[in-house]
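Listed here are the chains, written in short residue letters.
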Amino acid sequence: ILKAYKLGIVNGTSATTFSPNAEVTREQISAMLLRTLQAAMPNLQPTGEFKANFLDANRIAPWALSAVKFMNANDIIKGSTTSDGSAYFLPQGNTTREMAIMLVLRAFNQFSKF
């Protein structure tokens, strides 16, 4: 945690608190994964646009929006589609351990060729 903090990958939940037992949201993990990629590849251009028209895009926190767009544009994190075809990102949805593993694997597969 301290190394990730020093690299700028993780932040605390306040100036003096880390909250290691708190659940991680989809927007938070998007930001952490982007910062991890940027730490490993300083020349990475973190740009991208959504591949889907997420009906809840306005619920993504401003500090996470560019990271979420980048992760979605690069097929690392996807949304959820309902039976009627509506797409949602679910930014405050919790990230399970299994989801986190898949996201890290997708990021590795997408960017290990660079």
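What you see is a predicted model; the values in this text were computed from it and never measured.

## Concerning the packing of helix 2 (residues 26–40) against helix 3 (residues 62–73)
So, point 1. Interaxial distance between helix 2 and helix 3 falls to 8 Å at its minimum, and their mutual angle equals 75°. The pairing of helix 2 with helix 3 is recorded here as roughly perpendicular in orientation. Counting all contacts with helix 2, which are made through E27, Q28, S30, A31, L33, L34 and L37, the residues of helix 3 involved are W63, A64, A67, V68, F70 and M71.

## Some details on unusual backbone geometry
So, point 1. The backbone of S19 shows a phi angle near 60°, a positive value even though the residue is not glycine.
So, point 2. Mapped onto the fold, S19 is located in the loop between helix 1 (2–6) and helix 2.
So, point 3. Exposure remark for S19: the relative accessible area of 29% places this residue in the partly exposed category.
So, point 4. One non-glycine residue with positive phi stands out, namely L90, at about 60°.

## Topic: the pattern of salt bridges
So, point 1. Throughout the structure, instances matching the rule amount to two salt bridges.
So, point 2. The salt bridge involving E49 is made with K69; its shortest N-O contact spans 3.5 Å. With E49 in the loop between helix 2 and helix 3 and K69 in helix 3, the pair connects residues that are 20 residues apart, well separated along the chain.
So, point 3. We classify E49 as exposed; its relative accessible area is 53%.

## Thoughts on the packing of aromatic side chains
So, point 1. As enumerated under the stated definition, the model contains three aromatic pairs in all.
So, point 2. Each ring, one from F54 and one from F89, has its centre 5.7 Å from the other, and the planes form 65°; the classification is edge-to-face. Of this pair, F54 sits in the loop between helix 2 and helix 3 while F89 is found in the loop between strand 2 (87–88) and helix 4 (97–111), placing the two residues 35 residues apart along the sequence.
So, point 3. Feature note: the residues F50, F54 and F89 constitute an aromatic cluster, connected by ring pairs.

Criteria and cut-off values
- Residues numbered from 1 in each chain as written.
- Predicted model: local features only at pLDDT ≥ 70, side-chain atom pairs only at ≥ 80, totals over all residues.
- Heavy atoms only, no water.
- Axes fitted to C-alpha atoms, helices over the stretch in contact; angles between N-to-C directions.
- Helix = DSSP H or I, 4+ residues; strand = E, 2+ residues; numbered from the N terminus.
- Parallel < 35°, antiparallel > 145°, perpendicular 65-115°, else oblique.
- Contact = heavy atoms within 4.5 Å.
- Buried < 20%, exposed > 50% of the residue type's maximum accessible area, 1.4 Å probe, protein only.
- Salt bridge = Lys/Arg side-chain N within 4 Å of Asp/Glu carboxyl O.
- Phe/Tyr/Trp six-rings, centres within 6.5 Å; stacked < 30°, edge-to-face > 60°.

What is shown is where atoms sit, not what they do.
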